[in-house]
Amino acid sequence: MPPCGVLPARTRPLTPSTFPQALNWQLTNSIKSAATLADLHQLEQQHGGSLNFMNTSAAFVRVAKLTGGSGRAGDLLGRLWQRLRPQLDQCGARQLSNIVWACGKSAYAEAALLDACLAHLAASSELVPQGCSLAMYGAALLWDSGYRINEEHAQQLVAVLVQKQEEATPQHLSNTLWAAATMGLPMPCQQVQALVAALVEKQEEATPQALSNTLWAAATIGLRVPQQQVQALVSALVQKREEAVPQNLSNALWAAATMEQALPVGNWQLLLSTFVAKAPQATSQNVANVMWAAAKRKEDFASARQGQLAGAEAALLQLAGAISSKQVAGMNPQNISNSRWALS
């Protein structure tokens, strides 16, 4: 007979501490391979009491990948948060950053959860560049949903990334810069400059999105970037322009114009002509930003040969001709005003 008050092992309720490790890994794999939200709901209901912090973290990530920011899984995420709450201290930096990223991608702005995860992350000695980037990016995705990251936590995350910049990929650097700019965080200039300089060093590995997001972030923050660095990032984007989507080109041109950076005429023309070719896939905002940027930096073409000047003006006219009625209809008053000014 078992001791009084202790159930036999086979009838004792399974908890995260008593659930066999092999079965817990199996549960994690089942969560990661869930094909639908309904599958995840079923797994949570069936195994809820035995979910440990790794299972729950995996479930947050899987929800994000299945919903794509639609915000359709709030009830499930709420239940997962309640299961995670007493286990939060067991989470490592990897699980914490994944959860913040997943909340951002799922449009789940639960401040208590996010604040707790970010506070643990900011104090973690295990934090790596990817974790810094994921956490900052996730928080920024929730800006429009009303979530506001603690500025001290954000600065601590960026400080870790600066310290470990050699281990960071271009995406880690650019996503963090994009997040800081999106949230309007008061980042120390030295930190931002260090991240931009680190990405310049890694420009050959950077995607068009990483290059353009870095330029956009620097311009949005109001950072005084050395001309040599701006030209290096733009030149790298020119080399990869065929892989770029319209927003990448638009962001880069807008950023260079906003920072009042003179660029080689050839780079302007190549980015403009590439954008014109891809204009049907551009948003109304993309189109208005490019037209404004090209007009804003007309002086960059003034010292060029007459043929080059005509080529730049021709690109603007071609862009105006490539705009669809749908793109025009999607412009807000500021877009319309900027476009009219550019063509005047």
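See above for the structure.
The following refers to the structure shown.

Under the 1.5 Å per step criterion, the end-to-end length of helix H6 (residues 111–122) is 16 Å for 12 residues, consistent within 8% with the ideal 16 Å. All of the buried residues in H6 are Leu113, Leu114, Ala116, Cys117, Leu118, Leu121 and Ala122. Buried residues in H6 make contact with helix H3 (53–67), helix H4 (74–84), helix H5 (93–105), helix H7 (129–141) and helix H8 (151–163).

Turning our eyes to something else, we now look at the packing of aromatic side chains. Under the counting rule described, the total for this entry stands at one aromatic pair. Ring centres of tyrosine 137 and tryptophan 178 lie 5.4 Å apart, and the angle between their planes is 45°; on these two criteria the pair is classed as tilted. In this pair, tyrosine 137 is assigned in helix H7 and tryptophan 178 in helix H9 (residues 170–182), connecting sequence segments 41 residues apart. Directly above the ring of tryptophan 143 sits arginine 148, whose terminal nitrogen or CZ lies 3.5 Å from the centroid.

A word on the pattern of salt bridges. A full pass over the atoms with the stated rule returns two salt bridges. We note a salt bridge from glutamate 44 to arginine 79, for which the minimum N-O separation is 2.9 Å. One end of the pair, glutamate 44, is in helix H2 (residues 37–47); the other, arginine 79, is in helix H4, with 35 residues separating them in the sequence. Three or more residues joined by partner-sharing salt bridges are found here, namely Glu44, Arg79 and Arg83.

What follows is about the packing of helix H13 (residues 246–258) against helix H14 (residues 265–277). H14 packs onto H13 with a crossing angle of 145° between their chain directions and a minimal axis gap of 10 Å. You can see that H13 and H14 cross each other, and the crossing is left-handed. Contacts between H13 and H14 involve Pro246, Leu249, Ser250, Leu253 and Ala257 from the former and Trp268, Leu271, Leu272, Thr274 and Phe275 from the latter. Looking at the contact of H13 with H14 residue by residue, the class counts come to eight nonpolar, two polar and no charged.

Conventions adopted
Residues numbered from 1 in each chain as written. Predicted model: local features only at pLDDT ≥ 70, side-chain atom pairs only at ≥ 80, totals over all residues. Heavy atoms only, no water. Helix = DSSP H or I, 4+ residues; strand = E, 2+ residues; numbered from the N terminus. Expected span 1.5 Å × (residues − 1). Buried < 20%, exposed > 50% of the residue type's maximum accessible area, 1.4 Å probe, protein only. Contact = heavy atoms within 4.5 Å. Phe/Tyr/Trp six-rings, centres within 6.5 Å; stacked < 30°, edge-to-face > 60°. Lys NZ or Arg CZ within 6 Å of the ring centre and 35° of its normal. Salt bridge = Lys/Arg side-chain N within 4 Å of Asp/Glu carboxyl O. Axes fitted to C-alpha atoms, helices over the stretch in contact; angles between N-to-C directions. Left-handed = near helix turned anticlockwise from the far one by under 90°. Nonpolar A, V, L, I, M, F, W, Y, C, P; charged D, E, K, R; others polar.

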